[in-house]
Amino acid sequence: MQDYLSGLNEPQREAVTYLNGPLMIIAGAGSGKTKVLTTRIAHLLNKGVDAFNILALTFTNKAAAEMKERIEKILGNSEARNLYIGTFHSVFSRILRAEAHKLGYPNNFTIYDTDDSRSVLKTVINELNLDDKHYKPSVVHSRISQAKNSLVGPAEYAQDYYIQQEDMRSNRPAIAQVYQAYTARCFKNGAMDFDDLLLKMYDLLKDFPDALHKYQHKFKYVMIDEYQDTNTVQYQITKLLAAVHENICVVGDDAQSIYSFRGATIENILQFQKDYDDVKVIKLEQNYRSTQSILNVANEVIKNNKGQIPKALWTENDGGEKIRLVRTMTDNDEGRFVADTIQEQKLRNHYFNRDFAILYRTNAQSRSFEESLRRMGIAYRIYGGVSFYQRKEIKDMIAYLRLIINTRDEEALKRVINYPVRGIGKTTIEKAMVIANEQNITFWEVLTRAGEFGFKAGTLEIIQNFVTMIRYFQSMLETKNAYDVAVQVGKHTNLVKELFSDKTVEGLARYENVQALLNSIKEWVDDRNNRAQIDEDGILTPEAEAQAGAEAAMAAQGNTNGAGAASLGAYLQQITLLTDADDDKENADVVKLMTIHAAKGLEFSVVFVGGVEETLFPSAMSINTREELEEERRLFYVAVTRAKARLWLTYANARYRFGNLVQNEPSRFLEELPAAHIDKSYAGGGARNQSPSSNMGSGFERMQRGFGGGGDNSIQYNDAGNRRPETGNRKLETGNSKPPYLQLKPTAPQTVAHVPAADFVPSDTTNLQEGQKVEHQKFGFGMVTKIEGSAHNPIATVKFDQNGEKKIMLNYAKLRIVG
DNA sequence: AATTAGCGCTTTTTT
DNA sequence: AGCGCTAATT
């Protein structure tokens, strides 16, 4: 019997059983969307569709894992593990792992994260002689990212009138060249950035008819979650994939579209209905998650947005408590209020830590909540922010692993070549870079052929030892799994020892972090090996299939991989795409702290939304156009609809920003709340002050705790009692106070590039005389005009042919005496 | 070459 | 306030 259908309401059941042809599900917040998706897939499998023929694209890897699990539960077998299910990025990286050679990339290509991308950009920007102060890697990156997500390549970028106008206006006309150079560099490094995972997938389908044919027929059923947050590339890819069978089901909610900053466009939802002849549209409008009060607040606020897809979200749930609005003096008070309230609610309503979530607009806001929770001894976990994998010591370790897998990965190479310190300094690295660029070979090849390029004997030996070491690690790939290789790397590079010998507090933490990384690799390896055993029926899982592709490619390079599914290459493939949310210690009893963006798709019994203030929420960056503001409002809608039972909205009179206390007005969104469902007794007299002068007075009100109960043990949410906030003189950035910079670096202090002779050997300069001719590695040829300083610290003044007069400290600088 | 002092920038949100 | 990067120092 198909009893899994019985627990569904009418539109849900319709969505589950409508299997063929284009289908669009408009799923309101908390309307059982995940349930519908999982049941729908289970239904497909139950109807005899092969799991290999189903592609499901989710928003997080965690969501994908959960869905797999739930499907297995419904069906009572493990068929679901053969599904192609995951985020756009992870599914496509898997496919590209098998197909990259078609595009000229190595199958073991490296995935660059945002930091890597910026680092490459910085290198490229400097090589183009542009000023990285003006061409900020972060700005340039977002520009390039935007282009990629809109399917605009470097050539098209350079020719697009509108884009060029924009770059001219911001005085960065050379972004097109940077884009071009960046693309070339990534390609040379055998690396794809996040955007490339989408872009290259698109290229694959567009330029290789056989590949298109293969995947079009493989994926007979395509499902896409969070469709409102897909961008142009994603849209085009899925359109291509579904073109043959047209069994494409998209699920979304235009009211929850919050990722336009990374190219997502609601247009995709509207366009969907035009792309196919008869699109079935099903709306899920019954909310099972939240109380009436919460839902009413959410509906009321979102009404202020124009052009929504009409829908009426309703619930049979209880009215519930009113939404509480709380104003505090500072962000620190806000933190204390929330921590206190959590404590109080735990006692009063028997909640566990895990029932609470604290949501905020920006990661920086986590600090005050964190401090208060720690002081109260409440266990918590912060999601997002600086992730584990962004720590220096972790990046160093990973960089070694990356280099072993892909020696073209210049970012990784530069990172580890002199860490731990082994005597390959800046000069050597620069020299190698110059050679690499001149000869058009990789940095790594320069090292392997170092003997040809005249490095001095000592340096040459160090380089050769380094190359030998990396090759030694590579030789292990055949027989050892990711963990065993990583342990060897930690040992032989002295990296672990180095950290261990650092007995400072930070040093200890770093050591522990590396140990934690090794443990997590171990866990991953064990998990992989277990799974590999389960799949004994000989059917290749998508993972194993991609792995086979990678292995074939490596075999072609004479580098077979016998470590199976737990190989280092397979480990690295997924590591960059992991998010904080993915490593689920789901059941840990902790209060969860995260940005509203990160909370998308989640639900909690009790939710606190902090910092509901002008300039913060809505963000000061997003109040200039109606579109931006409406996205902020949708974000507010997402925040509110995360709550099942209880909801607090908090805001502070003033908060620390960049080290100083800044006044903030309450958010304009608070004015849109329906009064009937709001408890303002702790809001200091009103959602928003009636007149500017009342602002100061209400700020001094004492706010007491103890909802309903004994008010005897009141706590004052007001730190230094009589600090008078400065009103009315909030600093505003005008943003255009500076004259536009010239885009080119000022030429004066710039040294004229000098490539030292291949056989440059520094001379002994203890007896250097005035009038002698010398060569400097950077400044070129010149004549000594003066010798001064003491015997133990002689300083020579040299007049260089091309770079003017310089004072050279002979103890440190290297000069070759020419005559 | 390697360590340290001081400057300037940061905070929108993420794969 | 905190961090990373540049410049100065040894």
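Structure shown above.
Heads up: these notes are all about the structure in this document. The structure presented is a predicted model; accordingly, all values stated were derived computationally and were not measured.

We now examine the overall build of chain A. Regarding its fold elements, chain A presents 29 helices and 23 strands. Looking at the 819 residues of chain A, the share that counts as buried comes to 52%. Only carbon and sulfur atoms are counted for the fraction: they give 50% of the accessible area of chain A, which is about 36800 Å².

All right, on to the side chain of N9 then. Take N9: it is sitting in the segment before helix 1 (10-17). By relative accessible area, N9 is classed as buried at 16%. In terms of polar contacts, N9 uses its side chain to reach the backbone amide nitrogen of Q12, at 2.8 Å. When residues no more than four places from it in sequence are discounted, the contact partners of N9 are Q286 and Y288.

Let's shift gears to helix 3 (residues 61-75). Compared with the 21 Å implied by 1.5 Å per residue over 15 residues, the 21 Å span of helix 3 between its first and last C-alpha is a close match. Listed in full, the buried residues belonging to helix 3 are N61, K62, A64, M67, K68 and I71. Among the residues trailing helix 3, G76 stands out with phi positive, at a value near 75°.

Of all the six residues making up strand 15 (residues 604-609), six are buried; the element is thus mostly covered by neighbouring parts of the structure. Sheet analysis places strand 12 (residues 356-360) next to strand 15, joined by four bridges and oriented parallel. Note that in strand 15 the partner of I358 across the bridge is F608.

Looking at DNA strand B, there are 26 residues lining it, with R361, N363, T579, T595 and M621 nearest. The share of sugar and phosphate among atoms of DNA strand B within 4 Å of the protein is 46%. At 2.2 Å, a side-chain N or O of R361 approaches a base oxygen of DNA strand B. Looking at the surface near DNA strand B residue by residue, the classes come out as eight nonpolar, eleven polar and seven charged.

One pass over the full model with this rule turns up 20 aromatic pairs. The interplanar angle of 80° and the centroid separation of 5.8 Å between the aromatic rings of F617 and F669 together place this pair among those described as edge-to-face. Of the two residues, F617 sits in the loop between strand 15 and helix 28 (626-640) while F669 sits in the loop between strand 17 (660-663) and strand 18 (678-682), which places them 52 residues apart along the sequence. Residue classification places F617 among the buried residues on the basis of a relative accessible area of 0%. Through a chain of ring-to-ring contacts, the aromatic side chains of Y351, F356, F608 and W648 assemble into a single cluster. R354 extends its terminal NZ or CZ atom over the ring of F352, reaching a point 4.9 Å from the ring centre. K431 extends its terminal NZ or CZ atom over the ring of F455, reaching a point 4.7 Å from the ring centre.

Strands sit in the order 3-2-6-7-1-8 across an open sheet of six strands; the sheet is parallel. With one partner strand each, in any of the chains shown, strand 3 (84-87) and strand 8 (280-284) form the two edges of the open sheet. Going from strand to strand, the sheet's axes swing by 15° on average, the running direction of each strand aside. Each of strand 2 (54-58) and strand 3 touches helix 3; the most contacted strand, strand 3, lies at about 150° to it. On the sheet, helix 13 (residues 267-275) packs against strand 1 (23-27), strand 7 (248-252) and strand 8 and is oriented at approximately 150° with respect to strand 1.

With that out of the way, let us pick up the environment of K206. Inspection of the secondary structure assignment puts K206 in helix 10 (residues 194-207). On the accessibility criterion, K206 (47% relative accessible area) is partly exposed. Taking the C-alpha atoms as reference points, K206 and R408, 202 residues apart in sequence, are found 27 Å from one another.

At their nearest, the axes of helix 4 (residues 88-99) and helix 10 sit 9 Å apart, and the two run at 55° to each other. By the angle between their directions, the pair helix 4 and helix 10 is classed as oblique. The chirality of how helix 4 crosses helix 10 is left-handed. Residue-level contacts link F88, H89, F92, S93, I95, L96 and E99 of helix 4 to F194, D196, L197, L198, K200, M201 and L204 of helix 10. In the contact of helix 4 with helix 10, the residues fall into nine nonpolar, two polar and three charged.

Attention now moves to the side chain of R327. Mapped onto the secondary structure, R327 falls in strand 11 (residues 323-330). No salt bridge is formed by the buried R327; its nearest oppositely charged neighbour, E665, is found at 6.6 Å. Within the structure, R327 has its side chain in polar contact with the side chain of N653 (distance 2.7 Å).

Reading guide: rules and limits
- Residues numbered from 1 in each chain as written.
- Chains lettered and ligands numbered in written order.
- Predicted model: local features only at pLDDT ≥ 70, side-chain atom pairs only at ≥ 80, totals over all residues.
- Heavy atoms only, no water.
- Helix = DSSP H or I, 4+ residues; strand = E, 2+ residues; numbered from the N terminus.
- Buried < 20%, exposed > 50% of the residue type's maximum accessible area, 1.4 Å probe, protein only.
- Areas by Shrake-Rupley, 256 points an atom, 1.4 Å probe, with all protein chains shown as cover.
- Polar contact = N/O pair within 3.5 Å; in protein donor to acceptor, adjacent residues only side chain to side chain.
- Contact = heavy atoms within 4.5 Å.
- Expected span 1.5 Å × (residues − 1).
- Pairing = 2+ DSSP bridges.
- Near = heavy atom within 4 Å.
- Nonpolar A, V, L, I, M, F, W, Y, C, P; charged D, E, K, R; others polar.
- Phe/Tyr/Trp six-rings, centres within 6.5 Å; stacked < 30°, edge-to-face > 60°.
- Lys NZ or Arg CZ within 6 Å of the ring centre and 35° of its normal.
- Axes fitted to C-alpha atoms, helices over the stretch in contact; angles between N-to-C directions.
- Parallel < 35°, antiparallel > 145°, perpendicular 65-115°, else oblique.
- Left-handed = near helix turned anticlockwise from the far one by under 90°.
- Lys, Arg positive; Asp, Glu negative; His and termini not counted.
- Salt bridge = Lys/Arg side-chain N within 4 Å of Asp/Glu carboxyl O.

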